[in-house]
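Residues per chain are reported as follows:
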Amino acid sequence: IVKSGLILQSISNDVYQNLAVEDWIHDHMNLEGKPVLFLWRNSPSVVIGRHQNPWQECNLNLMREEGIKLARRRSGGGTVYHDMGNINLTFFTTKKKYDRMENLKLVVRALNSVQPQLDVQPTKRFDLLLDGQFKISGTASKIGRTTAYHHCTLLCGTDRTFLSSLLKSPYQGIRSNATASIPALVKNLLEKDPTLTCEVLMNAIAAEYAAYHQIDNHISLINPTDETLFPGINSKAKELKTWEWIYGKTPKFSINTSFNVLYEQSHLEIKVFIDIKNGRIEICNIEAPDHWLPMEICDKLNSSFIGSKFCPIETSMLINILHRTCPEDDEVHSKWNILCEKIKGIM
Amino acid sequence: MALRAAWRARAAACSLRAAWAPAVPCPPLPLGLRAGAARTLRTGPALLSVRKFTDKHEWITTENGIGTVGISNFAQEALGDVVYCSLPEVGTKLNKQDEFGALESVKAASELYSPLSGEVTEINEALAENPGLVNKSCYEDGKLLLEIQRIIAAVNVCRI
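Just so you know, these numbers come straight off a predicted model, no measurement behind them. (Residues numbered from 1 in each chain as written. Chains lettered and ligands numbered in written order. Predicted model: local features only at pLDDT ≥ 70, side-chain atom pairs only at ≥ 80, totals over all residues. Heavy atoms only, no water.)

## Description of the overall build of chain A
Phase 1 of the analysis: If you tally the helices and strands in chain A, you get twelve helices and 16 strands.
Phase 2 of the analysis: For chain A, the spread of C-alpha atoms along the principal axes amounts to about 80 × 40 × 30 Å.
Phase 3 of the analysis: Counting across all 347 residues of chain A, residues that qualify as buried make up 54%.
Phase 4 of the analysis: Taking all contacts inside chain A whose residues are at least 6 apart in sequence as the whole, residues at least 24 apart take part in 72%.
Phase 5 of the analysis: Surface summary for chain A: the accessible area is close to 15800 Å², and the carbon and sulfur share equals 51%.
Phase 6 of the analysis: Separation between the mean location of the 39 positive side-chain charges and that of the 38 negative ones in chain A comes to 8 Å. (Helix = DSSP H or I, 4+ residues; strand = E, 2+ residues; numbered from the N terminus. Buried < 20%, exposed > 50% of the residue type's maximum accessible area, 1.4 Å probe, protein only. Contact = heavy atoms within 4.5 Å. Areas by Shrake-Rupley, 256 points an atom, 1.4 Å probe, with all protein chains shown as cover. Lys, Arg positive; Asp, Glu negative; His and termini not counted. Charge placed at Lys NZ, Arg CZ, Asp CG, Glu CD.)

## Considerations on the UniProt feature "domain: BPL/LPL catalytic" (unreviewed entry) in chain A
Phase 1 of the analysis: In this numbering, the UniProt entry assigns the feature "domain: BPL/LPL catalytic" (unreviewed entry) to residues 31–217 of chain A.
Phase 2 of the analysis: End C-alpha atoms of residues 31–217 of chain A are separated by 18 Å, and the span's content is 28% helix alongside 28% strand. (UniProt positions renumbered as here; feature names shortened; annotations may be inferred.)

## Quick notes on the environment of B:Pro88
All names here are of chain B.
Phase 1 of the analysis: Among the secondary structure elements, Pro88 is positioned in the loop between β5 (82–86) and β6 (93–94).
Phase 2 of the analysis: Along the primary structure Pro88 and Arg51 are separated by 37 residues, whereas in three dimensions their C-alpha atoms are 22 Å apart.
Phase 3 of the analysis: Ignoring any residue separated from it by four or fewer positions in sequence, one finds Pro88 in contact with Phe100, Val120, Ile123 and Leu145.

## Here's the deal with the sheet that holds strand β2 (residues 36–40) of chain A
Phase 1 of the analysis: Overall, mixed pairing links the nine strands, which are arranged β13(A)-β1(A)-β2(A)-β6(A)-β11(A)-β10(A)-β8(B)-β7(B)-β5(B) in an open sheet. In the strand order of this sheet, the two ends are held by β13 (220–222) of chain A together with β5 of chain B, each with one partner. With strand direction ignored, the average angle separating the axes of adjacent strands in the sheet is 20°.
Phase 2 of the analysis: Strand direction decides the pairing type here: β5(B) and strand β7 (residues 99–105) of chain B, joined by four bridges, are antiparallel. Each residue of the ladder has a partner; that of B:Ser86, found in β7(B), is B:Ala102.
Phase 3 of the analysis: Together, β6 (86–94), β10 (139–143) and β11 (147–155) of chain A together with β8 (108–113) of chain B form the strand contacts of helix α4 (residues 100–114) of chain A, whose direction differs from that of β11(A) by roughly 35°. (Pairing = 2+ DSSP bridges. Axes fitted to C-alpha atoms, helices over the stretch in contact; angles between N-to-C directions.)

## Digging into the interface of chain B and chain A
Phase 1 of the analysis: Tallying the contact residues gives 19 residues for chain B and 26 residues for chain A.
Phase 2 of the analysis: Across the interface of chain B and chain A, roughly 1800 Å² is buried in total on both sides, 46% from carbon and sulfur atoms.
Phase 3 of the analysis: Summed over the three residues of chain B that lose the most area to chain A, namely B:Tyr84, B:Lys107 and B:Ala109, the buried surface amounts to 36% of that side.
Phase 4 of the analysis: Inspection of the chain B/chain A interface yields six salt bridges.
Phase 5 of the analysis: Between A:Lys142 and B:Glu111 there is a salt bridge, and its shortest N-O distance comes to 3.2 Å.
Phase 6 of the analysis: Where chain B touches chain A, the interface holds 15 residue pairs in polar contact (both at pLDDT 80 or more).
Phase 7 of the analysis: Of all the elements in the fold, those that place two or more residues in the side of chain B that touches chain A are β5, β7, β8 and α3 (126–129) of chain B.
Phase 8 of the analysis: Counted by class, the side of chain B that touches chain A contains eight nonpolar, four polar and seven charged residues.
Phase 9 of the analysis: Alignment of β10(A) against β8(B), held across three bridges, turns out to be parallel. By the bridge assignment, A:Ile143 is partnered in β8(B) with B:Ser110. (Buried area = accessible area lost by both parts, 1.4 Å probe. Salt bridge = Lys/Arg side-chain N within 4 Å of Asp/Glu carboxyl O. Polar contact = N/O pair within 3.5 Å; in protein donor to acceptor, adjacent residues only side chain to side chain. Nonpolar A, V, L, I, M, F, W, Y, C, P; charged D, E, K, R; others polar.)

## Some details on the UniProt feature "modified residue: N6-lipoyllysine" (unreviewed entry) in chain B
Phase 1 of the analysis: In the numbering used here, UniProt assigns the "modified residue: N6-lipoyllysine" (unreviewed entry) feature to B:Lys107.
Phase 2 of the analysis: Turning to its location among the elements, B:Lys107 is positioned in the loop between β7 and β8.
Phase 3 of the analysis: The contact partners of B:Lys107, leaving out residues within four places of it in the chain, are A:Gly76, A:Gly77, A:Arg100, A:Arg125, A:Asp127, A:Thr139, A:Ala140 and A:Ser141.
Phase 4 of the analysis: A polar contact of 2.7 Å, which involves the side chain of B:Lys107, links it to the backbone oxygen of A:Arg125.

## With respect to the nonpolar core
Residue and element names in this part refer to chain A.
Phase 1 of the analysis: If you look at the biggest cluster of nonpolar residues, it comprises 74 residues, and the most contacted ones within it are Leu70, Trp292, Leu301, Phe305, Phe310 and Leu339.
Phase 2 of the analysis: Tallying contributions element by element places helix α1 (residues 15–28) first for this core, with seven residues.
Phase 3 of the analysis: When residues are assigned to domains, this core turns out to be shared by domain 1 (6–247) and domain 2 (253–346), each giving three or more.
Phase 4 of the analysis: Contacts of Phe305, omitting those with residues within four sequence positions, involve Ile281, Cys284, Ile286, Thr315, Leu318, Ile319 and Ile343.
Phase 5 of the analysis: Leu89, Leu111, Ile136 and Tyr209 belong to the second-largest nonpolar core, a separate cluster that totals 33 residues. (Core = buried A, V, L, I, M, F, W, Y, C linked by side-chain atoms within 4.5 Å. Domains from an automatic or database assignment.)

## Thoughts on the sheet that holds strand β5 (residues 80–82) of chain A
Across a sheet, paired strands are connected by hydrogen bonds in the backbone, their directions being either parallel or antiparallel.
All names here are of chain A.
Phase 1 of the analysis: A sheet is described by the order of its strands in space; here three strands give the open sequence β4-β3-β5, paired in mixed fashion. What marks the edges here is a single partner per strand, and that holds for β4 (69–72) and β5. Averaged over all adjacent pairs, the angle separating strand axes in this sheet is 25°, with direction ignored.
Phase 2 of the analysis: Two strands pair when backbone bridges link them, and strand β3 (residues 45–48) and β5 are joined in this way by three bridges, in the antiparallel orientation. Note that in β5 the partner of Val46 across the bridge is Tyr81.

Written out as structure tokens, the structure is:
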């Protein structure tokens, strides 16, 4: 029997292009007797699971300031931070051959082939733990009609401080049915052993995969924007970048919070109740004390928000339009600005 | 609401009929059903409502052109604890085999495929807060689509 299989490595570090490769292989390749391993790394990005809420999972304000991309993948699971110090591995098989534990054991064998003393174990939730305490890999998967894929991360030399601050949500009062991430203590393999670089580990995993499936140990470099290799892939990448996919797919949620504004040397509490469906405001109830901002103005703001994206950019545009159409005095305008800045801050 | 939905289904059926050239008097079998592969369960006094299973382990019962869809006991056991159900919006039109949603369990998102063509007119809202119903009661409280109206001319199920 001639064994078949492929080991692919992306030349791109764009998270959307790389996720599109996964979609493409899942949709188009016949994996019967021909499993595929895909190796990829991304420039700094936060990746949330299919059914997650980005407002609940990460600091979107910080991400906007730092130019960190946000992507939603099609598999389940929790939120992760990718940078060039993290390796992503995707194991493609038929549905019948889908076996996450088998894949993780393969990764462990590969790690031990480089460093036999390394203590890495898979857990029941398909994490990989270093020294019994530090998470170095998280897993997620997608099961389709006839094919499935299991992908996992592997921390070699990621910026852990940045990771912690990005994956900490500052947003209060969120009530949601979305799947929530479980925070974990992480560590980089490079901190344990400086020889465990991304290159070394990718090669070791490829070698172990080739040995296990009895195929050539040959990594094929692929360009995820090549339409001749992957017809239709660019439109898949484009879909993954849309606001509708990244934010609009967030399960329905509500926000019940408040913030303070300074007024005549004391603090006034402004209550906020917002319902968001498909990333758009469905119900909006901003309650400011009437003596600070007239109720008609608050009401107008509330009704204007309905149907608009829960997004600071769209909110800014909305506020500008409202300003122009509502002649009010300077004092009211400045209060309006303060209120709107606070509201944008929770988006 | 039901009347409007029924009218929409009929209107869609008319435009589909023009495009669809039936060669056989009996409507085509839903995806995955092959002679001998389907199992039927009698669910009521009338023989109109039988539960049919696809080989992907979705089930469907139909009555007067209205279908109810869920997943089988085998499927829910294989999945493990369901933590999230992603279902289509009411009004979504599905073709046979279309992906209509997903179930998430222990970090795996499993796609759901429509066993028939139709318009979704009612989903099981209880699953939003209680996705575990799919495991506890996959044929009753854990049903996925409560109502999907067929967009194919024939009304009754075809005996295999």
